[in-house]
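# Coordinates in review
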Amino acid sequence: MKKLVIFDLDGTLLNTIADLGTATNHALEQNGYPTHPIDAYPFMVGNGVRRLIERAIPSESRTDHNVDALLADFRSYYDEHLCDLTKPYPGIELLLEDITLKGVQVAVASNKYESAVRRLISYFFPQIKFAAICGNVEGVPTKPDPSIVFRILGAYPTPKADVLYVGDSAVDIETARRACIESVGVNWGFRPVRELTSAYADHIVGNTEELRDIILG
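Conventions we followed
Residues numbered from 1 in each chain as written. Predicted model: local features only at pLDDT ≥ 70, side-chain atom pairs only at ≥ 80, totals over all residues. Heavy atoms only, no water. Pairing = 2+ DSSP bridges. Helix = DSSP H or I, 4+ residues; strand = E, 2+ residues; numbered from the N terminus. Axes fitted to C-alpha atoms, helices over the stretch in contact; angles between N-to-C directions. Left-handed = near helix turned anticlockwise from the far one by under 90°. Contact = heavy atoms within 4.5 Å. Nonpolar A, V, L, I, M, F, W, Y, C, P; charged D, E, K, R; others polar. Salt bridge = Lys/Arg side-chain N within 4 Å of Asp/Glu carboxyl O. Buried < 20%, exposed > 50% of the residue type's maximum accessible area, 1.4 Å probe, protein only. Phe/Tyr/Trp six-rings, centres within 6.5 Å; stacked < 30°, edge-to-face > 60°. Lys NZ or Arg CZ within 6 Å of the ring centre and 35° of its normal.

### Details of the sheet that holds strand β6 (residues 163–167)
A sheet is described by the order of its strands in space; here six strands give the open sequence β5-β4-β1-β6-β7-β8, paired in parallel fashion. Bordering the open sheet on either side are β5 (132–136) and β8 (203–205), each of which pairs with just one other strand. Between one strand axis and the next, the sheet turns through 20° on average, direction left out of account. When strand β4 (residues 105–113) meets β5, the two strands line up parallel, connected through four bridges. Its bridge partner being in β5, Val108 is matched across the sheet by Ile133.

### Here's the deal with the packing of helix α2 (residues 49–56) against helix α3 (residues 64–81)
Contact geometry for α2 and α3: axes closest at 9 Å, N-to-C directions at 115°. Handedness of the α2/α3 crossing: right-handed. Where α2 abuts α3, its residues Val49, Arg50, Leu52, Ile53 and Glu54 lie against Asp64, Val67, Asp68, Leu70, Leu71 and Phe74. Along the lines of polarity and charge, the residues of the contact of α2 with α3 split into seven nonpolar, no polar and four charged.

### A few points about the pattern of salt bridges
With the rule as written, the count across this model stands at 17 salt bridges. With a closest N to O distance of 2.8 Å, Arg151 and Glu114 form a salt bridge. Within this pair, whereas Arg151 is found in helix α6 (residues 147–155), its partner Glu114 is found in helix α5 (residues 114–124), the two being separated by 37 residues in sequence. Given a relative accessible area of 14%, Glu114 falls into the buried group. Across the pair Lys143 and Asp172 runs a salt bridge, and its minimum N-O distance is 3.0 Å. Note that Lys143 is positioned in the loop between β5 and α6 and Asp172 in helix α7 (residues 170–179), a separation of 29 residues in sequence. With relative accessibility at 2%, the residue Asp172 sits in the buried group.

### What to know about the packing of aromatic side chains
Tallying each qualifying case throughout the model produces two aromatic pairs. Consider the rings of Phe74 and Tyr78, whose centres lie 5.3 Å apart with planes at 20°: the pair is stacked. Taken together, the positions of Phe74 and Tyr78, both in helix α3 and four residues apart, correspond to about one turn of that helix. Given the relative accessible area of 0%, Phe74 is considered buried. The buried category is assigned to Tyr78, whose relative accessible area is 0%. Considering the side-chain rings of Tyr123 and Phe124, the 4.8 Å spacing of their centres and the 80° angle between planes classify their relative orientation as edge-to-face. The class of Tyr123 is exposed, set by a relative accessible area of 54%. Residue classification places Phe124 among the buried positions, given a relative accessible area of 11%. A cation over a ring is seen here: Arg75 above Tyr113, with NZ or CZ 3.7 Å from the ring centre.

This is the structure in structure tokens:
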């Protein structure tokens, strides 16, 4: 049985894509740029909100000044609407309850700015005690840099052999690899299975029961 499971947030615990896409489209509209269909956003997210804005804005307008303006409008809107359309993936709440009752510690490692991560976790999983909830903070590189994993291990020291990292993208699998911990790719998130396979995920699961079996051994 694993002692600590580190979960990615967007695309792993929560389906946040509609709220992320809506907030980005709001920022684009506010600044006079064309918007994107919501189903285009799964391939724009994963590397933090600033990178999302950089991908969404037309390439000829992609200056620091313009990105900063959109980012401010994004955060203003998203902070008010981050729970409007977001939902946990099927089985996630029961999985978290089950494994924590069995003594497994859980943590979150997200490239989303940390205040939003904490609000989402407290809103959707108030009954779960997390060992650490970490998002992007100024001065710390985003995933796949493993700094966020080391931050979690600093808060809850655990031998790496007893840690599992769970995510839905190549960014997550590469983060786990760089941190030298075992990885699980989930196929219900924002990226296709072929991306997880190409990133050499240690395991790929299609539902929370399969993930539970890996966690509990």
